[in-house]
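# Summary of the model geometry
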Amino acid sequence: MQVNKLSGVLNNKYLLKGLEKVSEHGMSVGAGTSLIMSLAVRPLAISVTPDVEKENKQYAITNSVCSGIIKFGMVEALALPVENAVKKIDQRPHKYLQNASDDFIKSRGYKLGTQIMKLGTGIVTAIPKSMLTIALIPIIMDKLFNIRPFPTAKETPAPTDKNLSFKGKPTEGLAKGIAKILDNKTVQKYLRKNETKDKDIAKHLSAGTDILLTTSFAWQTNKSDKIKENRKKALIYNNVIATGITLAGGYGIDRLAKEKSTKFIERFSQINKGDPKLAKYIEGINIVRPALIFAAIYYGILPIFSTYMAEKVDKFINKEA
């Protein structure tokens, strides 16, 4: 009876279509969510943080805006073509995979492999993203707050479309290149051996991307000659504290949420067991769950604490020095 009551919700065509899109375009969905949160929610949270110098708030807000814009641009430039190329392989696997059995194509190992291909673009673009973010900060600071860190210095030109995007649409060659990796017997063996990790791959790749981004951002900020020297440490501390707490809290909350969602996925699978796209729907659930948790912590809950603590740590270290 309980399953029958839920069937109208869990097999709703809009829900299923949404989960399918999340499965196919996980990075794009994540980047879109980050863009909205980084342009609105996080700046608002930072702006109401008490006992923080105004200019440190302005740098933190600008960093949030720049980060969201660059991430979205990078995703549209690189991740979207990869996602579309993988979709082509999904639709006609036997055209692209000459050495893959039907058993592998239908396996969780294949899904794990395609997830790594799609979500792994975040790691590939992490360092360029941090470099472009640092380049944009003084420009956006001037536009948003009319602050020029070095008025007499030669202005850094705003990144153009040439900097932010790769020309051309996803090609047949990209699909063939990805398929060549998936067609490798050693790769297939590895994926089948680790296929049960498909539930957590989105979370792990997201965490790895965040760590690489924060490390690169700290290094780029420290050597930048376009950010005021007395604002660098607070900006770096803000990012390090935010990333550290987000990962620790996000993993803990996601572990609890995953335990609670097991029964939900079982019911969802039972109701949609005859649907050939069931694996995609479940993949979408496993992508959207940690994405929402990490976004809620990083963009909504944490900015006030990290901005406040970064200010205090910076003042304490400067006082000790």
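In this report, we go over the structure that sits alongside the text. Worth saying up front: this structure is predicted, and the values here are computed from it rather than measured.

When you go through the chain residue by residue, the secondary structure sums to 15 helices and zero strands. For the chain, the proportion of its 321 residues judged to be buried stands at 48%. In the chain, the proportion of contacts linking residues at least 24 apart, taken out of those at least 6 apart, comes to 84%. Carbon and sulfur atoms make up 61% of the accessible area of the chain, which totals about 16,800 Å².

This part covers the pattern of salt bridges. Tallying each qualifying case throughout the model produces 15 salt bridges. Note that K88 and E172 form a salt bridge whose closest N and O atoms lie 2.8 Å from each other. On the criterion of sequence distance, the pair formed by K88 in helix α4 (residues 54-91) and E172 in helix α11 (residues 172-182) is long-range, its members being 84 residues apart. Of the charged contacts in the structure, one is a salt bridge between E311 and K315, with a shortest N-O distance of 3.4 Å. On the criterion of helical spacing, the pair formed by E311 and K315 is a turn pair, its members being four residues apart in helix α15 (residues 278-320). Given the relative accessible area of 2%, E311 is considered buried. Connected through shared salt-bridge partners, E24, K87, D90 and K280 make up one network.

What follows deals with helix α2 (residues 13-24). Between its first and last C-alpha, α2 extends 16 Å over twelve residues, near the 16 Å set by a 1.5 Å rise per residue. Turning to α2, its buried residues are L16, L19, E20, V22, S23 and E24. With a side-chain oxygen positioned 2.8 Å from the backbone nitrogen of Y14, the residue opening α2 is N12.

Packing of α4 against helix α14 (residues 229-271) leaves a shortest axis separation of 10 Å and a crossing angle of 50 degrees. Between α4 and α14, the angle falls in the class oblique. In terms of crossing hand, the pair formed by α4 and α14 is right-handed. Contact with α4, carried on its side by E55, N56, Y59, A60 and N63, involves R231, A234, L235, N238 and N239 of α14 and no other residues of that element. Along the lines of polarity and charge, the residues of the contact of α4 with α14 split into four nonpolar, four polar and two charged.

Right, let's get into unusual backbone geometry. Leave glycine aside and you will find that most residues have negative phi; peptide bonds, for their part, are mostly trans. With a phi close to 55 degrees, D51 is a non-glycine residue in the positive phi region. Here D51 lies in the loop between α3 (26-47) and α4.

This paragraph deals with the environment of K180. Position of K180 relative to the elements: it lies in helix α11. With relative accessibility at 67%, the residue K180 sits in the exposed group. Considering only alpha carbons, one finds K180 and Y96, 84 residues apart in sequence, at a separation of 7.8 Å.

Note: α-helices contain 3.6 residues per turn, so residues at a spacing of three or four share the same orientation. A rise of 1.5 Å per residue sets the reference length of helix α7 (residues 108-119), with its twelve residues, at 16 Å; its end C-alpha atoms lie 16 Å apart and thus fit the reference within 8%. A side-chain oxygen of the first residue of α7 lies 3.3 Å from the backbone nitrogen of G109; this N-cap is S107.

This part is about the packing of aromatic side chains. Across all of its chains, the model carries three aromatic pairs by this definition. Summarising the aromatic geometry, the rings of F104 and Y110 are spaced 6.0 Å apart at their centres and angled 85 degrees between planes, so their arrangement reads as edge-to-face. Exposure remark for F104: the relative accessible area of 2% places this residue in the buried category. Residue Y110 is classed as buried on the basis of its relative accessible area, which comes to 2%. Pairing F268 with Y281 gives two aromatic rings, centres 6.2 Å apart and planes at 85 degrees, and the pair type is edge-to-face. Placement of the pair is F268 in helix α14 and Y281 in helix α15, with a sequence separation of 13 residues.

This paragraph deals with the side chain of E24. Relative to the helices and strands, E24 resides in helix α2. Look at E24 and you get buried, because its relative accessible area is 5%. Ignoring any residue separated from it by four or fewer positions in sequence, one finds E24 in contact with E83, K87, K118 and K280.

Turning to the environment of G18, a few remarks are in order. Within the element layout of this structure, G18 appears in helix α2. Overall, the relative accessible area of 32% leaves G18 in the partly exposed class. With 267 residues separating them in the primary sequence, G18 and I285 have C-alpha atoms 9.9 Å apart.

Quick notes on the rules
- Residues numbered from 1 in each chain as written.
- Predicted model: local features only at pLDDT ≥ 70, side-chain atom pairs only at ≥ 80, totals over all residues.
- Heavy atoms only, no water.
- Helix = DSSP H or I, 4+ residues; strand = E, 2+ residues; numbered from the N terminus.
- Buried < 20%, exposed > 50% of the residue type's maximum accessible area, 1.4 Å probe, protein only.
- Contact = heavy atoms within 4.5 Å.
- Areas by Shrake-Rupley, 256 points an atom, 1.4 Å probe, with all protein chains shown as cover.
- Salt bridge = Lys/Arg side-chain N within 4 Å of Asp/Glu carboxyl O.
- Expected span 1.5 Å × (residues − 1).
- Polar contact = N/O pair within 3.5 Å; in protein donor to acceptor, adjacent residues only side chain to side chain.
- Axes fitted to C-alpha atoms, helices over the stretch in contact; angles between N-to-C directions.
- Parallel < 35°, antiparallel > 145°, perpendicular 65-115°, else oblique.
- Left-handed = near helix turned anticlockwise from the far one by under 90°.
- Nonpolar A, V, L, I, M, F, W, Y, C, P; charged D, E, K, R; others polar.
- Phe/Tyr/Trp six-rings, centres within 6.5 Å; stacked < 30°, edge-to-face > 60°.

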